[in-house]
Amino acid sequence: MTSNLAAAATSVELHLHLEGALNAALARTLHEATPGLPPPPKGAIVEGSGGVQWGFDDLGGFLRCFGWATHLLRGPEVYVRIFDELAVSLRAQGVVYAEVFVAFGQMLRAEVDPEPVLRRLGSRAAEIEGEGGPSVWFIADVTRQWGVAAADKALDAALDLLDHRIVGFGMGGDERAERARAFGKVFRRAKAAGLGLCCHAGEGTDPDAVREAVEALGLTRVGHGVAAVADARLLRELRDERITLEVCPTSNECTGVWDPRAGEHPLARLEAAGVPVVLGSDDPAFFKTSLRAEVERARQWGFSEAQLSKWAANGWDAAFGEAAGISRERVDWPAAGADPQKPARSRES
Ligand SMILES: [Zn+2]
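This text gives an overview of the structure that appears in the document. (Residues numbered from 1 in each chain as written. Predicted model: local features only at pLDDT ≥ 70, side-chain atom pairs only at ≥ 80, totals over all residues.)

Judged by nonpolar contacts, the single largest core of 110 residues is most densely connected at Ala213 and Val222. Once residues within four sequence positions are removed from consideration, Val222 is found in contact with Cys198, Cys199, Ala201, Gly202, Val210, Ala213, Val214, Ile243, Leu245 and Glu246. (Core = buried A, V, L, I, M, F, W, Y, C linked by C-beta atoms within 7 Å. Buried ≥ 20, exposed ≤ 12 C-beta atoms within 10 Å, placed from the backbone. Contact = placed C-beta atoms within 7 Å.)

Taken in spatial order, the eight strands of this open sheet run 1-4-5-6-7-8-9-10, and their pairing is parallel. A single partner strand is all that each edge strand has here, and the edge strands are strand 1 (12-13) and strand 10 (277-279). Examined bridge by bridge, strand 9 (residues 244-247) and strand 10 share three bridges and lie parallel to one another. Bridge assignment links Glu246 to a residue of strand 10, and that residue is Val278. (Pairing = 2+ DSSP bridges. Helix = DSSP H or I, 4+ residues; strand = E, 2+ residues; numbered from the N terminus.)

Before going further, it helps to examine the pairing of strand 4 (residues 97-103). The buried fraction of strand 4 amounts to seven of the seven residues, a majority that puts the element mostly inside the structure. By the alternation rule, side chains of strand 4 split into Tyr97, Glu99, Phe101 and Ala103 and Ala98, Val100 and Val102, which are all buried. For strand 1 and strand 4, the ladder comprises two bridges, and the chain directions are parallel. Counted as the bridge partner of Glu13 is Ala98 from strand 4. Looking at chain direction, strand 4 and strand 5 (residues 135-143) are connected through seven bridges and run parallel. For Phe101, the partnering residue across the bridge sits in strand 5 and is Ile139.

The next subject is the environment of Gly202. With respect to the element layout, Gly202 can be found in the loop between strand 7 (196-201) and helix 9 (207-217). The class of Gly202 is buried, set by 30 C-beta atoms lying within 10 Å. For Gly202 and Val257, which are 55 residues apart along the polypeptide, the C-alpha to C-alpha distance reads 9.9 Å. Those residues in contact with Gly202 that lie beyond four places of it in its chain are Pro207, Ala209, Val210, Val222, His224, Gly225, Val226, Ala227 and Ala228.

The contact between helix 4 (residues 76-93) and helix 6 (residues 114-130) brings their axes to 9 Å, and the two run at 25°. Here helix 4 lies roughly parallel to helix 6, going by the angle between them. Considering how the two elements wind past one another, helix 4 and helix 6 form a crossing that is right-handed. Taken together, the residues of helix 6 that come into contact with helix 4 (itself represented by Pro76, Tyr79, Val80, Phe83, Asp84 and Ala87) are Pro116, Val117, Arg120, Leu121, Arg124 and Ile128. Among the residues forming the contact of helix 4 with helix 6, the class breakdown is nine nonpolar, no polar and three charged. (Axes fitted to C-alpha atoms, helices over the stretch in contact; angles between N-to-C directions. Parallel < 35°, antiparallel > 145°, perpendicular 65-115°, else oblique. Left-handed = near helix turned anticlockwise from the far one by under 90°. Nonpolar A, V, L, I, M, F, W, Y, C, P; charged D, E, K, R; others polar.)

Quick look at the structure:
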């Protein structure tokens, strides 16, 4: 094990929601300061020995919590406040490059104008990059359960703001609410505008949801996708097509889509099948995690430093932004002989 291998492992973060970096204490402060907002879902904010925390028991509960929290984001100031705190955390973790989801669908639904939000976020991101990083870019994110028309409108808004460091288009939300294929035209439009494409799929559903999202939306990256482990043919397809899965183990545990008591996380089987994976923190404030914590967890599970470094290399390969190529050169990669771009495929534990 070398220190540069370990440093490379946290160099790139691709699955991270800006709204998911809103901590519960700030959420409560914002709620108290803003009259007329809906009350939090029952049990969404809890206070215990660890301070003020988000509270939910499963994926549905998390989505309700997350949906409520986004109502608190009423303008650019609070977005920038969350972003600044997030950037400090990313830098401390050794993240050099990050692509961060911004929920355009939610902004439009809450009648928040995305233009000043993205203008401020984009200029702050450029400043932070100039101050030593990390280099942060944005993915315009839409919410599946609000349907195709809302996604179309959110994409229109994003296309007007591409100058503000938007490099991708993504979709999250409730997978069971709407089939991925319904959004094919929206994703084709995003691709034609030069945006990278990703979508949450196979998080709490099944392999077919992953296959459909990849095929119907033309994805190169899948958010989660862990349900793919149940389908050997799909695993081979993902491997052969170099479709990268953004795997977020602590998120999976917190939302109940993976129960550690029921067996090891699908990560090991994805790795054994040769599917490109990259670790992500997803919603760090909600799940009390970070990319560094995810890397450390994988290390404790027995994955080698070379494997952790290879996953980071997968992330760099799958990054949407052209700036990734420049940022990548700043990473302290392992010396010759342990080239992270030509990593060993087998699990070493
Ligand atoms: Zn996510």
